[in-house]
Every structure is written in C-alpha cells, then in structure tokens.
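Report on the structure
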Amino acid sequence: CACPRCGQGKLFVGLLTIRNQCSVCDFDYSRLNADDGPAFFIIVIYSAIILLLAAWFQFSFEPPVWVHLVVWLPIIVVGAISLMRPFKAWLIAQQFRHDVDDDADKTR
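Below: a short report on this structure. Every residue gets a number counted from 1 within its own chain, in the order that chain's sequence is written. Whole-chain, interface and lining totals are the exception, using all residues; otherwise, since this is a predicted model, local features are given only for residues with pLDDT of at least 70 and side-chain atom pairs are given and counted only at 80 or more. Only hydrogens and water are set aside when side-chain values are computed; all heavy atoms of the structure are taken into account.

This part covers the overall build of the chain. Across its full length, the chain holds 2 helices and 2 strands. Ordered by position from the N terminus, the helices and strands of the chain form the series β-β-α-α. As a reference, a globule follows 2.2 Å times the number of residues to the power 0.38, and the radius of gyration itself is taken over C-alpha atoms. For the chain, whose C-alpha radius of gyration is 18 Å, the value lies well above the compact-globule estimate of 13 Å for 108 residues. Across its three principal axes, the chain shows a C-alpha extent of roughly 55 × 30 × 15 Å. Only protein chains enter the area calculation, which uses a 1.4 Å probe; residues under 20% of their type maximum are buried, those over 50% are exposed, and those in between are partly exposed. Relative to its full complement of 108 residues, the chain shows a buried share of 26%. The contact rule is simple, with two residues in contact once any of their heavy atoms fall within 4.5 Å. Across the chain, contacts joining residues at least 24 apart in sequence account for 53% of those joining residues at least 6 apart. Strands here mean DSSP runs of E at least two residues long; helices mean DSSP runs of H or I at least four residues long; both are numbered from the N terminus.

Encoded structure:
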C-alpha cells in the first residue's frame, strides 16, 4: 500500500481513498485508477472460498441457519473490507508496472 514508483510514500488517505500524489517523490496518482477491479476479484475469489467453507460447515455439523448467519456474516464483511485495500494497491501497482495510462483511452 505504498507508492508504486518509490515504494516509500503512502498510497492511501483513509481506508480506500487514493492520494492525489506521493508525499515523497511527487508522483501523480491521478492517471492510475483501479475502479471496480478489486471488488470484482474479491467477489469472485473470496466468495468462492467462503462458499466452499460454508458448504463444508453445513455438511459436517448441520447447524441451523441462524448459526450460519452468526458465523459467516462477520467473516464475509470483515474479510471483504480488509482485502479491498491490498487488492486496490496491487492493481494500481500493476498499472504502474505495465505503464497503463488512463489518458490513452481519451485520445482515441
């Protein structure tokens, strides 16, 4: 969750808000944008893992539905929120690494 160019400046201000620029090397973050990419990866990958665990839990212990809600709802919410920041930072770092410029689409 650091600057993709220098690795020292902070990338985020707050939980998921990207800074305008790096405080160390003044790299402009405005051209890098993860949009909904992190949410997509979390929905697809994390929900598949949770679904498999919930199915195993159901078939192994056969709990009532309210136990599933008590167990899985906090795991889903806390896990998804805690994964958003590193996934967003990873996607932004990949955009920087592969020189993806947000303005390239606007010139076509």
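On to the packing of aromatic side chains. What counts as a ring pair is set by centres within 6.5 Å for rings of Phe, Tyr and Trp (its six-membered ring), and what kind of pair is set by the plane angle: stacked under 30 degrees, edge-to-face over 60, tilted for all other angles. Tallying each qualifying case throughout the model produces 8 aromatic pairs. A network of ring pairs unites the aromatic residues Phe-40, Phe-41, Phe-87 and Trp-90 as a single cluster.

So, on to helix H1 (residues 37-61). Residue count minus one, scaled by 1.5 Å, sets the expected span of a helix. Taking 1.5 Å as the rise per residue, H1 with 25 residues should run 36 Å; its terminal C-alpha atoms sit 35 Å apart, in good agreement. Listed as buried for H1 are Gly-37, Pro-38, Ile-42, Tyr-46, Ile-50, Ala-54 and Phe-57. On its buried face, H1 sits against helix H2 (65-97). Phi turns positive, to about 50 degrees, at Glu-62, one or two residues after H1.

Any functional reading would require information that these geometric values do not contain.
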